[in-house]
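Each chain, written out:
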Amino acid sequence: MDKSPNLEIILIEDDMSDAELTIRALKKNKLINKVVLLKDGEEAIDYLFVRGGYTAELPDNNSRLILLDLKLPGMSGLEVLKRIKQDDRTKHILVVILTSSKENPDIEECYRLGANSYIVKPVEFENFSNAVTQIGLYWLLLNHPPVSPS
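Cut-offs used in this document
Residues numbered from 1 in each chain as written. Predicted model: local features only at pLDDT ≥ 70, side-chain atom pairs only at ≥ 80, totals over all residues. Heavy atoms only, no water. Helix = DSSP H or I, 4+ residues; strand = E, 2+ residues; numbered from the N terminus. Contact = heavy atoms within 4.5 Å. Axes fitted to C-alpha atoms, helices over the stretch in contact; angles between N-to-C directions. Parallel < 35°, antiparallel > 145°, perpendicular 65-115°, else oblique. Left-handed = near helix turned anticlockwise from the far one by under 90°. Phe/Tyr/Trp six-rings, centres within 6.5 Å; stacked < 30°, edge-to-face > 60°. Buried < 20%, exposed > 50% of the residue type's maximum accessible area, 1.4 Å probe, protein only.

## Digging into the side chain of Asp106
Part 1 of the argument: Relative to the helices and strands, Asp106 is located in helix α4 (residues 104–113).
Part 2 of the argument: Look past the residues within four positions of Asp106 in its chain and what remains in contact with it is Leu70, Lys71, Leu78, Ser101 and Tyr118.

## Let's talk about the packing of helix α1 (residues 16–28) against helix α5 (residues 125–142)
Part 1 of the argument: The interhelical angle for the contact between α1 and α5, taken along N-to-C directions, is 55°, at an axis separation of 9 Å. When the axis of α1 is compared with that of α5, the two are oblique. You can see that α1 and α5 cross each other, and the crossing is right-handed. Contacts between α1 and α5 pair Asp18, Leu21, Thr22, Arg24, Ala25 and Leu26 from the former with Phe125, Phe128, Ser129, Val132, Thr133 and Gly136 from the latter.

## A short note on the packing of aromatic side chains
Part 1 of the argument: Here the structure, examined in full by the defined rule, presents one aromatic pair.
Part 2 of the argument: Summarising the aromatic geometry, the rings of Tyr47 and Tyr54 are spaced 5.2 Å apart at their centres and angled 85° between planes, so their arrangement reads as edge-to-face.
Part 3 of the argument: Judged by its relative accessible area of 8%, Tyr47 falls in the buried class.
Part 4 of the argument: Here Tyr54 falls in the partly exposed class, since its relative accessible area comes to 26%.

This is the structure in structure tokens:
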């Protein structure tokens, strides 16, 4: 079954340069139909749990991927990850940590909390773009997660 009509990526990133590069790389390779950019942890939680200014019903969780930075203002990416994976409504959403932290305690904690993957952002533009493309190709096209009940 072709999942592409429903693909949505939720990018939780406070650095607008990294966000623009990520979105550009995904669009360049035609890996997405929609990107939702959220700039901090509170906004991400509001969006995912349809509260605050977000009132629209979200699309099927099986067609979504979250790219999550750890270093966010206010609520950290670790706290966002914890909330996502503890809630039955969101725990099946694929979460890829895309961060600059190479710290082993961060890596271990992310996997303990249920992250699906942990990727350190490359510094060079071309390497960053290639990394994002590979993330999109694998998680959106090759990976087949289980279908959770509606």
